[in-house]
Amino acid sequence: MSHVLVLLASDTNPISPDKVGEIIAPIPQQHRSPVRWLDHARACEVDVFPFDGNGSAAVWDDENDMLSTIERTVAAPHASNLDIALVPAANRKKKLLLSDMDSTMIQQECIDELADFAGFKDKVAKITQRAMNGELDFADALTERVGLLKDLPVSTLQDVVDTRLQLMPGARTLIQTMNANGATCVLVSGGFTFFTEAIAQKVGFSSNHANILEITDGKLSGRVVPPILGAQAKLEALHRYLNENSLSPEDALAVGDGANDLPMIDAAGLGVAFRAHPVLVSRADAAIRHTDLTALLHLQGYTRDEFVE
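If you're wondering where the values come from, they're calculated on a predicted model, not measured in any experiment.

**Focus on the overall build of the chain**
Part 1: The number of helices and strands found in the chain is 12 helices and 11 strands.
Part 2: In the chain, buried positions account for 52% of the 309 residues.
Part 3: When contacts within the chain are restricted to residue pairs at least 6 apart in sequence, long-range pairs at least 24 apart make up 63% of them.
Part 4: Carbon and sulfur atoms make up 48% of the accessible area of the chain, which amounts to about 13,400 Å² in all.

**Observations regarding helix 9 (residues 231-244)**
Part 1: Helix length check: helix 9, at 14 residues, gives a terminal C-alpha distance of 20 Å against a target of 20 Å (1.5 Å per residue), a fit within 8%.
Part 2: Against strand 5 (96-99), strand 6 (184-192), strand 7 (207-216), strand 9 (252-256) and helix 10 (262-267) lie the buried residues of helix 9.
Part 3: S246 lies just past helix 9 and shows a positive phi near 55°.

**Structural notes on the pairing of strand 10 (residues 270-274)**
Part 1: Burial analysis of strand 10 places 5 of its 5 residues in the buried class, the great majority of the element.
Part 2: Burial of strand 10 is two-sided: the residues L270, V272 and F274 facing one way and the residues G271 and A273 facing the other way are all buried.
Part 3: Bridge count for strand 9 against strand 10 is 4 bridges, and the pairing is parallel. Bridging across to strand 10, G256 finds its partner in A273.
Part 4: Between strand 9 and its parallel partner strand 10, the chain crosses via helix 10, and the hand of that crossover is right-handed.
Part 5: Alignment of strand 10 against strand 11 (residues 286-288), held across 3 bridges, turns out to be parallel. Across the sheet, F274 pairs through a bridge with I288, a residue of strand 11.

**Here's the deal with the packing of aromatic side chains**
Part 1: Inspection of every chain in the model, using the stated rule, returns 1 aromatic pair.
Part 2: Ring centres of F194 and F195 lie 5.7 Å apart, and the angle between their planes is 80°; on these two criteria the pair is classed as edge-to-face.
Part 3: With relative accessibility at 31%, the residue F194 sits in the partly exposed group.
Part 4: With a relative accessible area of 0%, F195 lands in the buried category.
Part 5: Between the NZ or CZ atom of K93 and the centre of the ring of Y302, over which it lies, the distance is 4.2 Å.

Procedures and definitions
Residues numbered from 1 in each chain as written. Predicted model: local features only at pLDDT ≥ 70, side-chain atom pairs only at ≥ 80, totals over all residues. Heavy atoms only, no water. Helix = DSSP H or I, 4+ residues; strand = E, 2+ residues; numbered from the N terminus. Buried < 20%, exposed > 50% of the residue type's maximum accessible area, 1.4 Å probe, protein only. Contact = heavy atoms within 4.5 Å. Areas by Shrake-Rupley, 256 points an atom, 1.4 Å probe, with all protein chains shown as cover. Expected span 1.5 Å × (residues − 1). Pairing = 2+ DSSP bridges. Right-handed = clockwise from strand over helix to strand, strands pointing away. Phe/Tyr/Trp six-rings, centres within 6.5 Å; stacked < 30°, edge-to-face > 60°. Lys NZ or Arg CZ within 6 Å of the ring centre and 35° of its normal.

Below, the structure is given as structure tokens:
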């Protein structure tokens, strides 16, 4: 099976043709295509394959040996400050995107920002960090954090939207480009519907799913309306949208940053850890650490000229 090695650089650390040549040098020329540039000095790709033109494996014993060689290439010190991923060459442009929201489509954790208004941000943020790294049960951690928000005026939700939330760079371009190419884009969050509805509308998601905060007499009750949407619910959402659109898992791209994204990341044809916790990075097909969300378009083979801003 052929794969594509994608090299991604940030605006502040562009990549030169010479640097690309240095990085891919361990891959024998008979096992790679010429470099294709997706965006000048920011993104390029190379086809890699286990057999040369004569059907001989040559340097590599098999495909697994090839993949191991490339993984060592990706981990090389001279490849630092770049995002490098190896993706299957087949079925690259995905027809379904499922994305987490907090710290993925936006730069904040909404519950931490709410807790700031309640005077508990440090305490809540520590719990959030542990939950996202898989150290705590997600439902228990969410229940504990929401409990600290009891009696917070419901108007605070809009205050957070208006004054705290910032889109992750590249978020709107990612969604608008995939929408323009016929993909279905769904926002699935362990956060709250008040925020997912606002972000979905702003960015262009066709639908959104999240938890519902219980409100009593204009204030937060400190409870979540059951059932709690966690990791399993995200996986179920992936399967639901695959079925509704007659798609296979290989047609799907899933992206997130925390442990509650693991099941959908594992199940999707392309699972991406975006500026993620180690527990997710270790399992994802690709990890984006340095570049923005438009990297997910380059992973699918989109060129800069194809972006919808």
